[in-house]
2 protein chains.
Amino acid sequence: MTEPLRAPEPAQVRTPAEEARTLVAAHASGLLATLTADGDPWGSLVAYGTLPDGAPVLHVSTLAEHGRNLARDGRASLVVAEDRGDPLDAGRVTLAGRAERPAGAAAESARSAFQAAVRGAERYADFADFTLYVLRVERVRWVGGFARMDSVGAGAYGAAEPDPVAGSAASAVRHLNDDHAGALLAMAAGPGGFTDATAAVCVGADRYGLDLWVETPRGAGPCRVGFAEPCAQADGLRGATVELARRSRR
Amino acid sequence: MTEPLRAPEPAQVRTPAEEARTLVAAHASGLLATLTADGDPWGSLVAYGTLPDGAPVLHVSTLAEHGRNLARDGRASLVVAEDRGDPLDAGRVTLAGRAERPAGAAAESARSAFQAAVRGAERYADFADFTLYVLRVERVRWVGGFARMDSVGAGAYGAAEPDPVAGSAASAVRHLNDDHAGALLAMAAGPGGFTDATAAVCVGADRYGLDLWVETPRGAGPCRVGFAEPCAQADGLRGATVELARRSRR
């Protein structure tokens with residue numbers, strides 16, 4: 001891995017809690033681990049919605065083994081994984097806790113969260129064999145890929161915000177690489193500290209900045225460049241990137 | 001769903017045990033459910049290889065929570081899911097059993113199966129913190145999508161054969177739809193029993209036959225047409241389909 005020639009400007013990254021919240025918010029299905037009557041671990045696929053505090057909402061049938069398991073013992077964990085490329089290099093998170101049946105207004109919020117996330121959920125909403133559960137998260141394990149991982153407490157998980165630009169990051173990355181190679185090179189050579197950079201491609205974007213892969217006559221390496229302010233809105237990447245490009249060319 | 005006008009010719013389909021074996025053989029990563037020290041269910045992502053009897057082979061680190069869990073208690077289940085489209089409409093299978101450390105020749109077979117399936121596995125082969133496990137399958141639950149599901153005993157699972165044409169089915173389906181619309185229509189109108197078929201597209205292929213979606217003036221519906229003999233080899237779809245097309249035009 002080639003290093004920059006001078007110290008790069010500080011560039012914030014998402015915390016593990018933010019990574020976990022972002023992953024969970026971006027998906028609507030995952031693997032549920034529950035306990036059989038014998039206390040054996042049982043894995044199955046489930047759809048879920050997400051409450052504002054990051055707690056997953058499940059809606060399961062007692063005709064399914066996981067539904068009978070939860071009715072008997074609420075202990076459960078949910079794995080949510082990115083669905084791109086090599087699964088073991090993909091980001092994933094395990095949320096472990098206890099599934100509880102919400103009541104009253106909490107049940108209405110849970111039902112709304114599930115129906116907002118899961119296509120066709122209304123069809124089963126009133127089936128008598130289906131039960132709504134909220135997974136009260138007690139422990140979180142996040143893995144960002146090879147050798148990027150951390151444990152997250154329930155408090156930090158609940159308090160973190162999903163990245164608002166997660167939904168537009170992939171298209172922003174494509175656009176930067178297709179049309180703004182010069183700006184990316186300036187970012188790498190300026191704030192990124194790779195003063196001898198000959199080319200730079202964008203490999204990731206989030207609310208705090210961009211990840212670049214930079215080539216130099218000395219070899220290639222990763223480079224992080226940060227925005228002046230974190231993006232607060234879903235459409236914030238464009239403005240933040242323009243500001244970063246201007247600053248890099250000064 | 002529109003029905004055929006006369007009884008279709010009998011057409012075999014894969015058994016649930018064959019579906020499960022085919023799914024497991026076609027993948028190399030899945031979701032593992034294990035037990036924590038407190039007996040709570042813990043979900044995580046793992047790579048696996050497959051032994052000739054369908055038993056998954058895991059190679060896990062005691063630095064990972066699932067590795068510590070298995071060292072303490074071998075009870076585990078592995079979920080393998082198709083990675084296409086809506087996850088809850090996709091095929092998936094849960095293999096539940098007990099992870100055991102193989103010894104002697106069994107350890108060599110397990111190591112080979114893991115390395116054959118998992119890219120880069122050699123790198124960790126001799127790391128001291130990694131342990132090889134074989135999941136002895138005791139119970140299998142297969143879900144083929146909405147309302148297609150079955151339980152499979154360990155004996156039936158071990159005795160079944162993965163579909164040899166699974167790897168070439170998608171490209172065969174594309175080729176049939178691109179270049180052989182007339183043959184598909186003849187299959188639907190002949191062996192399929194849809195004598196008033198006006199169009200047919202292929203939606204699936206396996207060692208035993210083809211799944212078609214047929215249009216008629218009365219509406220559209222699914223249609224199964226069978227090969228004269230099950231394909232025995234990976235490249236068997238072409239010959240079997242040619243025979244079926246000839247027979248359909250007689």
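Owing to the predicted nature of the structure, the values given are computational and were not obtained by experimental measurement.

(A) Representation of the sheet that holds strand S10 (residues 209-216) of chain B within the structure. All names here are of chain B. One open sheet holds the 3 strands; their spatial order is S9-S10-S11, and the pairing between them is antiparallel. Where the open sheet ends on each side, the last strands, each with one partner, are strand S9 (199-206) and strand S11 (219-226). The average undirected angle you get between the axes of adjacent strands in this sheet is 20 degrees. Relative to S10, S9 is paired through 7 bridges, and the arrangement is antiparallel. Note that in S10 the partner of Cys-202 across the bridge is Leu-212.

(B) Broad picture of the environment of A:Ser248. Residues and elements named next belong to chain A. Along the chain, the position of Ser-248 falls in helix H7 (residues 237-249). For the pair Ser-248 and Leu-88, spaced 160 residues apart in sequence, the C-alpha separation works out to 35 Å. Other than its neighbours up to four places away in sequence, Ser-248 contacts Ala-183, Ala-186, Met-187, Gly-190 and Pro-191.

(C) Local environment of the relation of the copies chain A and chain B. When chain A is brought onto chain B, the operation consists of a screw motion whose angular component is 180 degrees and whose axial shift is 0.0 Å, with 0.0 Å RMSD remaining. Read as a symmetry element, the transformation amounts to a two-fold axis. Mapped onto chain B, 100% of the interface residues of chain A are again interface residues, and the two copies thus contact each other with one and the same surface.

(D) Broad picture of the nonpolar core. Among the nonpolar cores identified, the biggest contains 84 residues, and A:Ala20, A:Leu135, B:Ala20 and B:Leu135 are the most heavily contacted of them. Look past the residues within four positions of B:Leu135 in its chain and what remains in contact with it is B:Ala55, B:Pro56, B:Leu58, B:Ala76, B:Leu78, B:Leu95, B:Gly97 and B:Ala99.

(E) Fine view of the interface of chain A and chain B. Contact residues are listed per partner, giving 27 residues for chain A and 27 residues for chain B. Secondary structure elements with two or more residues in the side of chain A that touches chain B: strand S1 (29-35), strand S2 (41-47), strand S5 (75-81) and strand S6 (92-100) of chain A. Grouping the amino acids of the side of chain A that touches chain B by side-chain chemistry returns 14 nonpolar, 7 polar and 6 charged.

(F) A look at the pairing of strand S4 (residues 56-61) of chain A. Residues and elements named next belong to chain A. Burial analysis of S4 places 5 of its 6 residues in the buried class, which makes it a mostly covered element. By the bridge criterion, 2 bridges tie strand S3 (residues 49-50) to S4 in an arrangement that is antiparallel. Residue pairing for S4: Thr-50 is matched across the bridge by Pro-56. Connecting the antiparallel pair S3 and S4 is a turn made up of 5 residues, with Gly-54 showing a positive phi of about 90 degrees. Bridging between S4 and strand S7 (residues 130-145) involves 5 bridges; their strand directions are antiparallel. Bridge pairing in S7 places Leu-58 opposite Tyr-133.

(G) Representation of the environment of B:Ala240 in the model. All names here are of chain B. Among the secondary structure elements, Ala-240 is positioned in helix H7 (residues 237-249). By C-beta crowding, Ala-240 is classed as buried, having 23 other C-beta atoms within 10 Å. Ala-240 sits 183 residues away from Val-57 along the chain, and the two C-alpha atoms are 34 Å apart. Non-local contacts of Ala-240, meaning those with residues more than four positions away in its chain, are made with Phe-227 and Cys-231.

(H) Here's a closer look at the sheet that holds strand S11 (residues 219-226) of chain A. Residues and elements named next belong to chain A. A sheet is described by the order of its strands in space; here 3 strands give the open sequence S9-S10-S11, paired in antiparallel fashion. Two strands bound the open sheet, and with one partner strand each, they are strand S9 (199-206) and S11. For this sheet the average axis-to-axis angle between neighbouring strands, irrespective of direction, equals 20 degrees. In this structure, strand S10 (residues 209-216) lies alongside S11, joined through 8 bridges in antiparallel fashion. Across the sheet, the residue bridging to Trp-213 is Pro-222, located in S11. Across the sheet, helix H6 (residues 181-189) touches S9, S10 and S11, and the angle it forms with S9 is around 85 degrees.

(I) Spatial organisation of helix H3 (residues 104-117) of chain A. Residue and element names in this part refer to chain A. The end-to-end C-alpha distance of H3 is 21 Å, a good match for the 20 Å that 14 residues give at a rise of 1.5 Å each. The set of residues buried in H3 consists of Ala-110, Ala-113 and Phe-114. In a view along the axis of H3, the buried residues occupy a sector of 95 degrees, so they form one face of it. More than 90 degrees from the buried face of H3, the exposed residues found are Gly-104, Ala-105, Glu-108 and Ala-116. Packing partners of the buried residues in H3 comprise S3, S4 and S7.

Thresholds, definitions, all that
- Residues numbered from 1 in each chain as written.
- Chains lettered and ligands numbered in written order.
- Predicted model: local features only at pLDDT ≥ 70, side-chain atom pairs only at ≥ 80, totals over all residues.
- Pairing = 2+ DSSP bridges.
- Helix = DSSP H or I, 4+ residues; strand = E, 2+ residues; numbered from the N terminus.
- Axes fitted to C-alpha atoms, helices over the stretch in contact; angles between N-to-C directions.
- Contact = placed C-beta atoms within 7 Å.
- Least-squares fit on C-alpha atoms with pLDDT ≥ 70 in both.
- Core = buried A, V, L, I, M, F, W, Y, C linked by C-beta atoms within 7 Å.
- Buried ≥ 20, exposed ≤ 12 C-beta atoms within 10 Å, placed from the backbone.
- Nonpolar A, V, L, I, M, F, W, Y, C, P; charged D, E, K, R; others polar.
- Expected span 1.5 Å × (residues − 1).
- Arc of directions from axis to C-beta.

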